[in-house]
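What follows is each chain in one-letter form.
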Amino acid sequence: MENVGKVLMKWVPRLQSYSSYCANQIYAKDLLDAKKRDPAVEDFLQRCLESPFSRRLDLWSFLDVPRSRLVKYPLLFKNIQKHTASTHEDHALIDQALEIVERAIKDVDLGIGVSKCQFFVEKLEFLDDHQKHPLIFESKSIVCDGLLKTGRGTELHVFLFDKILVLTRRSSRGDETVYQVYHRPIPLSLLAVQDMADERTSQKGSFKSVFTQSQPTIRHSFQVLNRKDASLQSYVLQAYNEQDRQHWLQSLSTAIEASSATAEDSSVLAGSSIGPGSSFPYRDEPYGLGDTSSWAGSVSSLTSAFVSTEIDETEDPPIP
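Described below are features of the structure shown in this document. This structure is a prediction, so every number in the text was calculated from the model and none was measured. (Residues numbered from 1 in each chain as written. Predicted model: local features only at pLDDT ≥ 70, side-chain atom pairs only at ≥ 80, totals over all residues. Heavy atoms only, no water.)

### Side note on the pattern of salt bridges
Applying the stated criterion across every chain, the model contains ten salt bridges. Arginine 47 is the partner of aspartate 43 in a salt bridge, and the nearest nitrogen-oxygen pair spans 3.1 Å. One end of the pair is aspartate 43 and the other is arginine 47, both in helix H4 (residues 39-50) and four residues apart, which spans about a single turn. In this structure aspartate 43 comes out as partly exposed when scored by relative accessible area, which is 41%. Arginine 47 sits in the partly exposed class, given a relative accessible area of 46%. Lysine 132 is paired through a salt bridge with aspartate 129; the nearest N and O atoms lie 3.8 Å apart. (Salt bridge = Lys/Arg side-chain N within 4 Å of Asp/Glu carboxyl O. Helix = DSSP H or I, 4+ residues; strand = E, 2+ residues; numbered from the N terminus. Buried < 20%, exposed > 50% of the residue type's maximum accessible area, 1.4 Å probe, protein only.)

### Side note on the packing of helix H7 (residues 73-82) against helix H8 (residues 89-122)
It is at 9 Å that the axes of H7 and H8 come closest, and there the two elements cross at 170 degrees. It follows that H7 is roughly antiparallel to H8 by the angle criterion. Side by side, H7 and H8 meet where Tyr73, Pro74, Phe77, Lys78, Ile80 and Gln81 of the first sit next to His91, Ile94, Asp95, Ala97, Leu98, Val101, Glu102 and Ile105 of the second. Looking at side-chain class alone, the contact of H7 with H8 contains nine nonpolar, two polar and three charged residues. (Axes fitted to C-alpha atoms, helices over the stretch in contact; angles between N-to-C directions. Parallel < 35°, antiparallel > 145°, perpendicular 65-115°, else oblique. Contact = heavy atoms within 4.5 Å. Nonpolar A, V, L, I, M, F, W, Y, C, P; charged D, E, K, R; others polar.)

### A short note on the environment of isoleucine 142
For isoleucine 142, the location among the structural elements is in strand E2 (residues 142-150). Exposure remark for isoleucine 142: the relative accessible area of 13% places this residue in the buried category. For the pair formed by isoleucine 142 and leucine 165, sequence separation is 23 residues and the distance between their alpha carbons is 9.7 Å. The contact partners of isoleucine 142, leaving out residues within four places of it in the chain, are Lys116, Cys117, Phe120, Phe159, Leu160 and Phe161.

And the structure:
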């Protein structure tokens, strides 16, 4: 086929429609799950699944096809270009079309991230106004989220937003799932992380445990704390396996470093004018898991002081 490059260049701008479609998928999935609670709807969907025309695919598989198809276009374009002579006019046009597709994919990923963040922020349930930190509503993406346990075995759904860490407990309000905020969120600018892979941590804080020679170890655990107020905000969190723990540690480290870099960039911009009294911003305290030499001792002391005296979970009102 001649002039395939021109055809592609005429078609690829239409990929912008994927942005809104894919961004709404998380709401569509939530609505579909809610509708499936209706026995009549569930029966209809099951009969469709068993019919030959469905190819044994459920409704969500069809709704998700556009997103999965979009990421395959770059490979298709590269294969076309591979069989196109470098001297042919289509070669340069395919390059341009490929750039547009890759840019569209980035826009879709960004839109999905913002939409997912907004979706879960709307699902948060606050016990008091002190938990409504402004950074929760300013966040644009979720770096990581999932189930973790406290040192006492309470299951939490933890959200690592791009600006703040929020610990929640999942609950139901009729047919709706909500996430009840557990204590106060910790801004990433104040968040420190302690890897407890080699720490022996008591499951209960008591006078007796101080004199016990053998203390049970909380496997796959790490500690998050507020560097400015660790006496009130220090939590031992346990992952379900080592791979999950490593994923959380890496995500926390990356998010804290990104938050620190953003804060420094903002400071540079704010103090960019050089004049009398001007000074360049600097960071006088390390963040997260990077360069911890100047505060490793303080974290160790914090660990020993707070790891066995975790905040009493009975302080929170019970979830209905």
